[in-house]
Amino acid sequence: MPSVLELADRFGRVARDLRVSLTDRCNLRCTYCMPEEGLAWLPREEQLTDDEVRRLIRIGVSMLGITEVRFTGGEPLLRRGLLDIVRDAASLTPRPQLMLTSNGIGLERLAVPLREAGLDRINVSLDTLDPERFQALTRRDRFADVMLGLTAANAAGLTPVKINTVLMRGINDDEAPALMRFALANGYQLRFIEQMPLDAQHRWDRHTMVTADEILAALQEFDLQPDSVSRGTAPAETWLVPGHLDAAGNPARVGVIGSVTRPFCGDCDRTRLTADGQVRNCLFATDESDLRKLLRAGASDDQIAEAWVIAMRGKRAGHGIDDPSFLQPARPMSAIGG
């Protein structure tokens, strides 16, 4: 059925990219995301059921013009019904592009089943190539599992496999060239992401953040060239890496997501669903709209779609991180979804 509504805001932006958080739980404890003891996870009864997740994705695709769905967490591979959710989304008409962002743990086992279910590609978070540093950063000794997961994803055809890296001053900011060489050698596409104010501890400090300009300066040895392909609504600015190809034989690229110093709010086309069924019209929104309540009250698809449209209409022009009045969201990234 053709789209009859659009997730448009007051500034002319239309959301086509749906980020679906399948769980707030994670099997790592990254220092820049959550405390060592973890967080108070959502009670099971507050989380969307598999059927509720599938229904909201169907409404988004068939009624609201969603063309891309990305599954996030927490760690989405922990969701027991993941394969069925992916399979159901892949069966929709029109078929959306299906992506997933993971820490890579468990991917060795799930890469092929995910591809068979209909997943198109995957992003894996990896901030260091040093196993000891990995353990210090994540508080877990799982570096080998992530490496196996990357290899499995590439072999399964979840390409281009993208690596998401956050550089932190005095911690791993010396690894940019090594991470680049690793990605080029394996046909992965590396994307550096500026650290954002989304930590549970609320300790983010812009003055200690490694900026996009600093990241590019650290990659000077690769003689990066401007990418002639428009980024469109994608969050990453990309550069070509001369003399290198990716796993598909295309020119190798590296991306930089400068959410803080090079905001791309004017081109944002994303809408987000949390694991407990809240619509967030911006990653940094301080309020949410409850679709779970509508689902469980017996609302029709039309009523849910209209509520979603209203939620997106209130999206702000930008995230306002540079504004003195900026407030960090109460929920951390693990609860919002990437």
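Each remark here, short or long, concerns the structure printed above.
Now for a description of the structure that goes with this document. Predicted model only: the values in this text are computed from it and were never measured.

Inspection of the entire model under this criterion finds 20 salt bridges. For the salt bridge of Glu-6 with Arg-16, the shortest nitrogen-to-oxygen distance reads 2.9 Å. With Glu-6 in the segment before β1 (17–21) and Arg-16 in the segment before β1, this residue pair connects regions lying ten residues apart in the sequence. Owing to a relative accessible area of 41%, Glu-6 belongs among the partly exposed residues under this scheme. Where salt bridges share partners, they join Arg-55, Arg-58 and Asp-301 into one cluster.

For the largest pocket, the calculated volume is near 570 Å³. For the largest pocket, the lining is made up of 27 residues, of which Arg-121, Lys-162, Arg-191, Arg-231 and Ala-234 are closest to its centre. Of all the secondary-structure elements, those providing two or more residues to the lining of the largest pocket are β1, β2 (68–72), β3 (97–102), β4 (121–125), β6 (189–193) and β9 (251–257). By residue class, the composition of the lining of the largest pocket is seven nonpolar, seven polar and 13 charged. Taken as a whole, the second largest pocket spans an internal volume of roughly 330 Å³. The wall of the second largest pocket is formed by Leu-22, Thr-23, Arg-25, Arg-44, Gln-47, Leu-48, Thr-49, Asp-50, Leu-78, Arg-79, Arg-80 and Gly-81. Residue composition of the lining of the second largest pocket, by class: three nonpolar, four polar and five charged.

Tallied over the full model, the rule gives two cavities of 30 Å³ or more. As for the second largest cavity, its lining consists of Leu-7, Ala-8, Asp-9, Arg-13, Val-14, Ala-15, Cys-268, Asp-269, Met-312 and Lys-315. Residue composition of the lining of the second largest cavity, grouped by class: six nonpolar, no polar and four charged.

Note on placement: Gly-65 falls in the loop between α1 (50–64) and β2. Look at Gly-65 and you get buried, because its relative accessible area is 10%. Spatially, the C-alpha atoms of Gly-65 and Pro-94 are 9.2 Å apart, while their sequence positions differ by 29 residues.

Attention shifts here to the packing of helix α2 (residues 82–90) against helix α3 (residues 107–117). For the pair α2 and α3, interaxial distance at closest approach is 8 Å and the crossing angle is 25°. With respect to their mutual orientation, α2 and α3 come out roughly parallel. For the pair α2 and α3, the contacting residues are Leu-82, Leu-83, Val-86, Arg-87 and Ala-90 in the first and Leu-110, Pro-113, Leu-114 and Ala-117 in the second. For the contact of α2 with α3, a count of residues per class yields eight nonpolar, no polar and one charged.

So, how was this worked out
- Residues numbered from 1 in each chain as written.
- Predicted model: local features only at pLDDT ≥ 70, side-chain atom pairs only at ≥ 80, totals over all residues.
- Heavy atoms only, no water.
- Salt bridge = Lys/Arg side-chain N within 4 Å of Asp/Glu carboxyl O.
- Helix = DSSP H or I, 4+ residues; strand = E, 2+ residues; numbered from the N terminus.
- Buried < 20%, exposed > 50% of the residue type's maximum accessible area, 1.4 Å probe, protein only.
- 1 Å grid on protein atoms, 1.4 Å probe; cavity = no way out; pocket = protein on both sides within 12 Å on 5 of 7 lines; lining within 4 Å.
- Points joined across faces, edges and corners; volume = space filled by probe spheres on them.
- Nonpolar A, V, L, I, M, F, W, Y, C, P; charged D, E, K, R; others polar.
- Axes fitted to C-alpha atoms, helices over the stretch in contact; angles between N-to-C directions.
- Parallel < 35°, antiparallel > 145°, perpendicular 65-115°, else oblique.
- Contact = heavy atoms within 4.5 Å.

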